[in-house]
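Here is what each chain is made of, one letter per residue.
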Amino acid sequence: MEDFIYTLSMIGIAVFAISGALAAMRKEMDPFGLVVIAIVTAMGGGTVRDIILDTPVYWVQDPTSLYIAIAAAAITPFWGRYLESRMTVLIWADACGLALFAVTGTEKALALGAAPAIAVTMGVMTAAAGGVIRDIPVSSTHL
């Protein structure tokens, strides 16, 4: 079961990184900005969760997720620019990432001994915080 949750987490990282990269592409950000937005989108919620739960931040302990986020961000412009509606893909990527991270965030909090209500809250935070962190710099970018 632990391998399954880990796999879900890595898929969630990739999906949210794609979501962040697509949002950055909509704002015509440069490649560096695109990668930064992809990383904060993919890893922001889990980082906030781990800090609140006072546990080592997951990507500092195992940088695999960082590499996955960078790779997903790097390949997105090659296929993302051909999409007729990036917004539709962005919405679907966000929805998939929300579902994956809600499950994995709740599971991690439960594994750390959190009460069920706290675990659900951590699942919601894991799912939503990356998108909120993404939306701040993306929505404040004026062209």
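The rules behind the values
- Residues numbered from 1 in each chain as written.
- Predicted model: local features only at pLDDT ≥ 70, side-chain atom pairs only at ≥ 80, totals over all residues.
- Heavy atoms only, no water.
- Salt bridge = Lys/Arg side-chain N within 4 Å of Asp/Glu carboxyl O.
- Helix = DSSP H or I, 4+ residues; strand = E, 2+ residues; numbered from the N terminus.
- Core = buried A, V, L, I, M, F, W, Y, C linked by side-chain atoms within 4.5 Å.
- Buried < 20%, exposed > 50% of the residue type's maximum accessible area, 1.4 Å probe, protein only.
- Contact = heavy atoms within 4.5 Å.

Q: Looking at this structure, how should I read the pattern of salt bridges?
A: One side chain can pair with another of opposite charge once the charged atoms of both are near each other. What the rule picks out here adds up to three salt bridges. Where D50 meets R49, a salt bridge forms, and the shortest distance between an N and an O atom there is 2.9 Å. As a salt-bridge pair, D50 and K108 come within 3.1 Å of each other at their nearest N and O atoms. Residue D50 is found in helix α2 (residues 31-52), and its partner K108 is found in helix α5 (residues 86-111); the two are separated by 58 residues along the sequence.

Q: Honestly, the nonpolar core in this entry has me stumped. Any pointers?
A: Side chains of nonpolar character tend, in soluble globular proteins, to be buried together. Within the largest apolar cluster, 22 residues are counted, with the highest numbers of intra-cluster contacts made by I13, A17, L34, A42, M43 and A69. For this core, the secondary structure elements donating two or more residues are α1 (2-26), α2, α4 (64-80), α5 and α6 (116-139). In terms of residue count, the dominant contributor to this core is α1 (eight residues). When residues no more than four places from it in sequence are discounted, the contact partners of A69 are I13, A17, I39, A42 and M43.

Q: Where do I start with unusual backbone geometry in this structure?
A: Excluding glycine, residues mostly carry a negative phi; peptide bonds, for their part, are mostly trans. Unusually for a residue other than glycine, E28 sits at a positive phi of about 55 degrees. For E28, the position within the fold is in the loop between α1 and α2. Backbone geometry places D54, a non-glycine residue, at a positive phi of 55 degrees. Within the secondary structure layout, D54 lies in the loop between α2 and α3 (58-61).

Q: Would you explain the environment of A71 in this entry?
A: Inspection of the secondary structure assignment puts A71 in helix α4. A residue is classified by how much of its surface remains accessible, and A71, at 41% relative accessible area, is partly exposed. Residues A71 and V103, spaced 32 residues apart in sequence, show a C-alpha to C-alpha distance of 23 Å.

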